[in-house]
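One-letter residues, chain by chain:
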Amino acid sequence: MLIVTCKIKLHSEKTHNKPSRQPGACVIWFLKKSPSQTERMHGRLKIKSTAQQEEEKRKEREKKLKIYVTARDACFSKRKEGILDDEALQLTQQLLSANPDFATFWNYRREILMHLETVKDEDEMQKIYEAELSFLESCLKVNPKSYGSWHHRGWVSVRLPRPDWARELSLCDRCLSLDDRNFHCWDYRRMVVKMSGVPVDQELGFTDRLIGSNFSNYSSWHYRSTLLPLLHPESPEPPSPCRKPPQTSPPPSPQTHSHRVCEEQLLKEYELVQNAFFTDPNDQSAWFYYRWLLGRAEREEMISCVYASRDEERVAVAFSRPVNAQTVGLLLVLDGQPQRVEWRSVHPRFKHSPVWICDLPPGTISDITNEHNLTVHWTEKHTHRDCALYTGRTESYCRDSATDQELFRSELSVEKTSVLQSELQSCNQLQELEPRNKWCLLTIILLMRALDPLGYEKETLAHFQTLKEVDPMRSAYYSDLCSKFMIENTILKMEYAEVRVFSISDKNLTTLCHLDQLLLVTHINLSSNHLQRLPPQFAMLQCLEVLEADNNSIENLEGLYRLPRLEEVSLKNNKISALADLQPLASCPKLKRLDLRGNPVTQTANIESELAELLPSVTDLLL
């Protein structure tokens, strides 16, 4: 003990106030710390420093980690030796209680349980699996979103001799009441519903309750979208009041393939979802569901066009969706005789493509005095399309009449225009209250697209401009979407005019799409836009003869690949900087005129001789 003496003066009076400190004499004791005095000093608890606390926590963690690692290694050794006993079951339980996300231990635990099934009777396994479910509940309390715990619970539930599905549904209810976006629990609930045969209307009522308590619930809206087509399917007959499935039929499963919802129920859903986004216009979950309600139509799978050319002795086939013609069973029949041909996509990068081509043996259809009948069979879909190549004609094609409904099945297409018009009016009312709400603006655009894409073109462009101002972070997305819609409108105008010229210059395009719809186009004008590349899909333009793409920012010509009829290409004032960028043009055998003025590549040394070697067919080169 160390004693230090110093002089201070103290008041001897005892008062209720603190004594003032005056110079005088007093003895102050500075105690040297001893092991027995680390917790208390003079009967008072000593306040430990932060460093001391952290050091003790570190030591405690190290102690726990050492125990955990020892148990882990013991568990690994047991599994390696093939030991499947109760001790191993207890060991994995201890480890998983501390860390329920260790997948290896769940696997080991399942191996042990499967072994016990071979040596225990049904009643014993019932008790073991019920104990396992109780253990899993404790694991879910540690981590409610544990992949391993939920997967193992599903595994146990389906192996339980006498499962209690009501208890499992109750567990899901409790978990979702704590976190209604726990997608692990939603997945498990769907499994429970499927196994137990819960009626669809009961599950729909469950989504009603969750949405009623919280509109911002993506999972509930999504689950609802899988249930409605089962409970209220659209009738294949003319529109009629919705009716429930007969009582004698088995209850439909929420996992069954979805179909469209009948119109009567759609009107009720519109009212529900409108309440949601009028309550909170900035919550996107209801807007996504709203778009789903208005966008149930899908294009029919079919052969949309067959084209035959005598000059190239080639047949091109366009489908309503990308396919792999080498696996879907595509058969070409010429004048009643099946042909052995090799189908290939228009670009080597595509294994799935909406456009496929094949070359016929020389002399098969080249004689202009002969008439030929072609049929392309899509055996996988049991459909076909015929095409007649008449005498005196060098080419022929057959396709459906083009209308906006057939060409572009918008996300918002439904049967009744009056319903869409009513929805547009509702959104316009909300937009007056919330003029800068991006979800409302985007939905108005999509509704206009479904109603009359050409009639609402001016309003659509104005709304896109507003969207870019209120949501600049997604400006590029809106530009691409606007480009998509402008291309659709231009295709419609071209189809109505019954021409094969596609002109869409000075429209601020940032991307190209629907190029499979331009299979028959002979002349295309893309000048004065913001394009940076001609993508591989551009090779679908198998009839293209003239390309104008001046005043863009094009750096890549990958899509100008093996275009058999391409003769003229104008690329003035772009950003083509290297000779290698022009390499795809070498695959176009009829190219005669090329305009590269205003491109960096024109400043390359010996560019003229280099181009002459790369493109020997070009006779009119402008640099």
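Everything discussed here concerns the structure shown above.
Residues numbered from 1 in each chain as written. Predicted model: local features only at pLDDT ≥ 70, side-chain atom pairs only at ≥ 80, totals over all residues. Heavy atoms only, no water.

Student: I'm lost on the environment of His 184 in this one. Help?
Tutor: Position of His 184 among the secondary structure elements: in helix α7 (residues 183-196). Between the C-alpha atoms of His 184 and Tyr 147, which are 37 residues apart in sequence, the distance is 7.0 Å. Sequence-distant contacts of His 184, defined by excluding residues within four places in its chain, comprise Lys 145, Tyr 147 and Trp 150. (Helix = DSSP H or I, 4+ residues; strand = E, 2+ residues; numbered from the N terminus. Contact = heavy atoms within 4.5 Å.)

Student: Quick question: what am I supposed to make of the pattern of salt bridges here?
Tutor: Once the charged atoms of two side chains with opposite charge are near each other, the side chains can pair. Applying the stated criterion across every chain yields a total of 39 salt bridges. Linking Glu 312 and Arg 565 is a salt bridge whose minimum nitrogen-to-oxygen distance equals 3.4 Å. Taken together, the positions of Glu 312 in the loop between β5 (303-309) and β6 (314-323) and Arg 565 in the loop between β16 (546-548) and β17 (568-570) put the pair 253 residues apart, joining distant regions of the chain. Residue classification places Glu 312 among the buried residues on the basis of a relative accessible area of 19%. As a salt-bridge pair, Glu 395 and Arg 565 come within 3.0 Å of each other at their nearest N and O atoms. Linking Glu 395 in strand β13 (residues 395-399) with Arg 565 in the loop between β16 and β17, this pair joins segments that are 170 residues apart in sequence. Each of Glu 137, Arg 153, Arg 167, Glu 168 and Arg 174 takes part in a single network of salt bridges with overlapping partners. (Salt bridge = Lys/Arg side-chain N within 4 Å of Asp/Glu carboxyl O. Buried < 20%, exposed > 50% of the residue type's maximum accessible area, 1.4 Å probe, protein only.)

Student: Got a minute to help me understand helix α2 (residues 86-98) in this structure?
Tutor: Residue pairs three or four apart in sequence face the same way in an α-helix, which turns once every 3.6 residues. Its 13 residues place the ends of α2 19 Å apart at the C-alpha level, agreeing with the 18 Å of an ideal helix rising 1.5 Å per residue. Those residues of α2 that sit buried are Ala 88, Leu 89, Leu 91, Thr 92, Leu 95 and Leu 96. Along the axis of α2, the buried positions cluster into a sector of 165°, meaning they face one direction only. The exposed residues of α2 that point more than 90 degrees off its buried face are Glu 87, Gln 94 and Ala 98. (Expected span 1.5 Å × (residues − 1). Arc of directions from axis to C-beta.)

Student: Is there a simple way to think about the sheet that holds strand β10 (residues 353-359) in this case?
Tutor: Adjacent strands of a sheet form backbone hydrogen bonds with each other and so pair up, either parallel or antiparallel. Reading across the sheet, the five strands line up as β9-β10-β6-β5-β13 and stay open at both edges, with antiparallel pairing between neighbours. Each edge of the open sheet carries a strand with a single partner, namely β9 (344-345) and β13. (Pairing = 2+ DSSP bridges.)

Student: Would you mind going over the packing of helix α13 (residues 417-433) against helix α14 (residues 438-451) with me for this structure?
Tutor: Two quantities define a packed helix pair, namely the angle between the helix axes and the distance between the axes. Here α13 crosses α14 at 155°, and the two axes come no closer than 10 Å. In terms of orientation, α13 lies roughly antiparallel with respect to α14. Every pair of crossing elements has a handedness; the one defined by α13 and α14 is left-handed. Within the contact between the two elements, α13 uses Thr 417, Leu 420, Gln 421, Glu 423, Leu 424, Cys 427, Asn 428, Leu 430 and Gln 431 and α14 uses Cys 440, Leu 441, Thr 443, Ile 444, Leu 447, Met 448, Ala 450 and Leu 451. (Axes fitted to C-alpha atoms, helices over the stretch in contact; angles between N-to-C directions. Parallel < 35°, antiparallel > 145°, perpendicular 65-115°, else oblique. Left-handed = near helix turned anticlockwise from the far one by under 90°.)

Student: Explanation requested: unusual backbone geometry in the structure shown.
Tutor: The general pattern is negative phi for most residues beyond glycine and trans for most peptide bonds. Backbone geometry places Asp 335, a non-glycine residue, at a positive phi of 50°. Turning to its location among the elements, Asp 335 is positioned in the loop between β7 (330-334) and β8 (337-339). With a relative accessible area of 38%, Asp 335 lands in the partly exposed category. Not every positive phi belongs to a glycine, and Asp 506 is a case in point at roughly 55°. With respect to the element layout, Asp 506 can be found in the loop between β14 (501-503) and β15 (523-525).

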